[in-house]
Amino acid sequence: MPLGPVRHALPQGAHEQPAPAMRIHFSWDRKETAEFFQRVAADRRLSRTEITIERGGLDGAAVRCAAHQRPDLVVIDSNLRGASMLASVDRLMHAAGNQTRVIVLGAVNDVTLLRELAQRGVDDYLIWPVTPEDVAGAACAMFAGVDKARVI
């Protein structure tokens, strides 16, 4: 039986609510995912977000989080597997801190990996094939109850 993404109890329709004003960083390993992330970023529900898209996967995202202002959400495409993936997730979680939420896109459909990622603080693990709408919906659902509005 295929495993689904890690999901937490969400209010009905949370995937359809727009994301609040926040920072999202997309980091990819495969070139085709860069184009995929461009389509995610174009989703109307993410219109209030500040988005960066860079090559680097898990390790690149860890370097960015350590060197720049931490994003509210990091979405990673990784072709790493097993111990290599878990070690990179550990580095990312250390660099990102407790306030940054993390979604990992991967190709491995393994309950043990899913548990290991959840233990390390990964909020969602989506298994390819996914659509840009799936990723945008997961991001919106994660912040459905958060009001990040700022008064200027």
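Residues numbered from 1 in each chain as written. Predicted model: local features only at pLDDT ≥ 70, side-chain atom pairs only at ≥ 80, totals over all residues. Heavy atoms only, no water.

Undergrad: Pulling in residues and values, what's your account of helix 3 (residues 82–96)?
TA: Note on helix geometry: an α-helix contains 3.6 residues per turn, so any two residues three or four positions apart are oriented the same way. In this model helix 3 runs 21 Å from its N-terminal to its C-terminal C-alpha over 15 residues, within 8% of the 21 Å that 1.5 Å per residue would give. For helix 3, every residue scored as buried is listed here: M85, L86, S88, V89, L92, M93, A95 and A96. Structurally, helix 3 contributes buried residues whose contacts are with helix 2 (57–67), strand 3 (73–77), strand 4 (101–106), helix 4 (111–119) and strand 5 (124–127). Directly beyond the C-terminal end of helix 3, a positive phi value near 80° is found at G97. (Helix = DSSP H or I, 4+ residues; strand = E, 2+ residues; numbered from the N terminus. Expected span 1.5 Å × (residues − 1). Buried < 20%, exposed > 50% of the residue type's maximum accessible area, 1.4 Å probe, protein only. Contact = heavy atoms within 4.5 Å.)

Undergrad: Let's hear about the confidence of the model for the protein: which residues, and what values?
TA: Of the residues in the protein, 86% have a pLDDT of 70 or more, and the chain-wide mean is 89. Across residues 1–11, confidence stays below pLDDT 50; counting only partners more than four residues off in sequence or on other chains, it has 22 contacts. (pLDDT = per-residue confidence, 0-100.)

Undergrad: Give a description of the pattern of salt bridges that names residues and reports values.
TA: Two side chains of opposite charge can pair, provided their charged atoms sit close to one another. Within the structure shown, the criterion is met by ten salt bridges. Linking D59 and R91 is a salt bridge whose minimum nitrogen-to-oxygen distance equals 3.0 Å. On the criterion of sequence distance, the pair formed by D59 in helix 2 and R91 in helix 3 is long-range, its members being 32 residues apart. When its relative accessible area of 42% is taken as the criterion, R91 is described as partly exposed. Linking R120 and D90 is a salt bridge whose minimum nitrogen-to-oxygen distance equals 2.7 Å. Placement of the pair is R120 in the loop between helix 4 and strand 5 and D90 in helix 3, with a sequence separation of 30 residues. Since its relative accessible area comes to 25%, R120 is described here as partly exposed. Relative accessible area serves as the criterion here: at 36%, D90 is assigned to the partly exposed category. (Salt bridge = Lys/Arg side-chain N within 4 Å of Asp/Glu carboxyl O.)

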